[in-house]
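Survey of secondary and tertiary structure
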Amino acid sequence: MAFRFLFSRTDRDQGMEEEDGGGAFEDANGETTMTTPLSAIAEAFEELSRTVGKFNINGCSDDCLRLKPFCDACSLVSVLFGCLGIAFKFAEYEYCSKVRDLVEASKIYGTLNNILDIDVKNDTVKTHGSLSRNLRRVRQGLDLIRALFKNFLSSEYCTLKEAASTAYAEVCAPYHTWAVRTAVSTGMYALPTREQLLLKLNETDESAEKEMRRYIEASLPIIEYIDKLYVRRNISLDW
């Protein structure tokens, strides 16, 4: 899904196709640069972050973050779960299904604020399958990738398994059943190496660090913004 979304956007905007996980285009100086999955994700979340930041400065209400561009950016992230293999299959399945539901909702509702208002009114915020619950799970997926990137770039973690295990323990494990936690722990042994992951993402050490840091910085305001939507409605975050 994410690869098709990324490639269709590239084909539409630049009128060309690439088979190596990214697209080429010319900048204002006529130089050819590459768009990789990581750079596309970072760019999308930087745009969302600018939107949230602009409205926060102007004292805007919760209506600042539109649902459709949020879904577009989140759709790109699903490629990362696919690159991590069986250990993150649970996250890929849950994340992608919840994003698809939000994409459908974006045809009806304009903002993230709108979908929470509807569920609060109907007392369905935490109901299985509700848009508010789906948004909560997508937010966890974004935070999981943020934590994974942060650990991946830290000298404290020598392997992708260590980085991913710690990220999962911090972000998702507290909300998962014993069976899911056990399955994830077992799957961690099948994670690709750091080198294999970079190859799948069509990145070097240097380029991956740059794009991961862009995502880490840009995604945090979005994650915090989503949390505030719940807190302002007196909805706890421990679920």
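Quick caveat: nothing in here was measured; it's all calculated off a predicted structure. (Residues numbered from 1 in each chain as written. Predicted model: local features only at pLDDT ≥ 70, side-chain atom pairs only at ≥ 80, totals over all residues. Heavy atoms only, no water.)

What follows covers the confidence of the model for the chain. Looking at the chain, pLDDT values average 84 and 82% of them are 70 or higher. A low-confidence stretch, residues 1-21 stays under pLDDT 50, and its non-local contacts, those more than four residues away or across chains, total 37 contacts. The low-confidence segment residues 24-32, where pLDDT is below 50, has 14 contacts with residues more than four positions distant or belonging to other chains. (pLDDT = per-residue confidence, 0-100. Contact = heavy atoms within 4.5 Å.)

The space that makes up the second largest pocket amounts to roughly 210 Å³. Taken together, Phe90, Tyr93, Glu94, Ser97, Lys98, His128, Arg133, Arg137, His176 and Val180 form the lining of the second largest pocket. When residues of the lining of the second largest pocket are traced back to their parent elements, those giving at least two are α4 (89-105) and α6 (131-152). It is α4 that provides the largest number of residues to the lining of the second largest pocket, a total of five residues. Across the lining of the second largest pocket, the residue classes break down as three nonpolar, three polar and four charged. (1 Å grid on protein atoms, 1.4 Å probe; cavity = no way out; pocket = protein on both sides within 12 Å on 5 of 7 lines; lining within 4 Å. Points joined across faces, edges and corners; volume = space filled by probe spheres on them. Helix = DSSP H or I, 4+ residues; strand = E, 2+ residues; numbered from the N terminus. Nonpolar A, V, L, I, M, F, W, Y, C, P; charged D, E, K, R; others polar.)

Right, let's talk about the pattern of salt bridges for a bit. Enumeration according to the criterion identifies twelve salt bridges in this entry. Across the pair Asp143 and Arg139 runs a salt bridge, and its minimum N-O distance is 3.2 Å. Of this pair, Asp143 and Arg139 are both found in helix α6, four residues apart, which corresponds to roughly one turn of the helix. Just as Asp143 is buried, Arg139 falls in that class too. One salt bridge connects Asp143 with Arg146, and the closest N-O pair in it is separated by 2.7 Å. On the criterion of helical spacing, the pair formed by Asp143 and Arg146 is a turn pair, its members being three residues apart in helix α6. (Salt bridge = Lys/Arg side-chain N within 4 Å of Asp/Glu carboxyl O. Buried < 20%, exposed > 50% of the residue type's maximum accessible area, 1.4 Å probe, protein only.)

Turning our eyes to something else, we now look at the side chain of Glu203. Checked against the element boundaries, Glu203 lands in the loop between α9 (194-200) and α10 (205-231). An unpaired buried charge is present at Glu203: no salt bridge exists, and Arg214, the closest side chain of opposite charge, is 8.3 Å distant. Discounting residues that sit within four places of it in the chain, Glu203 has contacts with Thr36, Leu38, Ser39, Leu198, Ala208 and Glu211. (Lys, Arg positive; Asp, Glu negative; His and termini not counted.)

Ranked by internal contacts, the top residues of the largest apolar core, which has 70 residues, are Phe45, Phe70, Phe88 and Leu142. Taken together, the elements giving at least two residues each to this core come down to α2 (37-57), α3 (67-83), α4, α5 (112-122), α6, α7 (160-171), α9 and α10. Setting aside its immediate chain neighbours within four residues, Phe88 contacts Phe81, Leu144, Ala164, Met188 and Leu191. (Core = buried A, V, L, I, M, F, W, Y, C linked by side-chain atoms within 4.5 Å.)

With that out of the way, let us pick up the environment of Asn114. In this structure, Asn114 sits in helix α5. Taking relative accessible area as the criterion, Asn114 reaches 27% and is therefore assigned partly exposed. Expressed as a C-alpha distance, the spacing of Asn114 and Arg66, which sit 48 residues apart in the sequence, is 9.5 Å. At 3.0 Å, the side chain of Asn114 forms a polar contact with the backbone nitrogen of Thr111. (Polar contact = N/O pair within 3.5 Å; in protein donor to acceptor, adjacent residues only side chain to side chain.)

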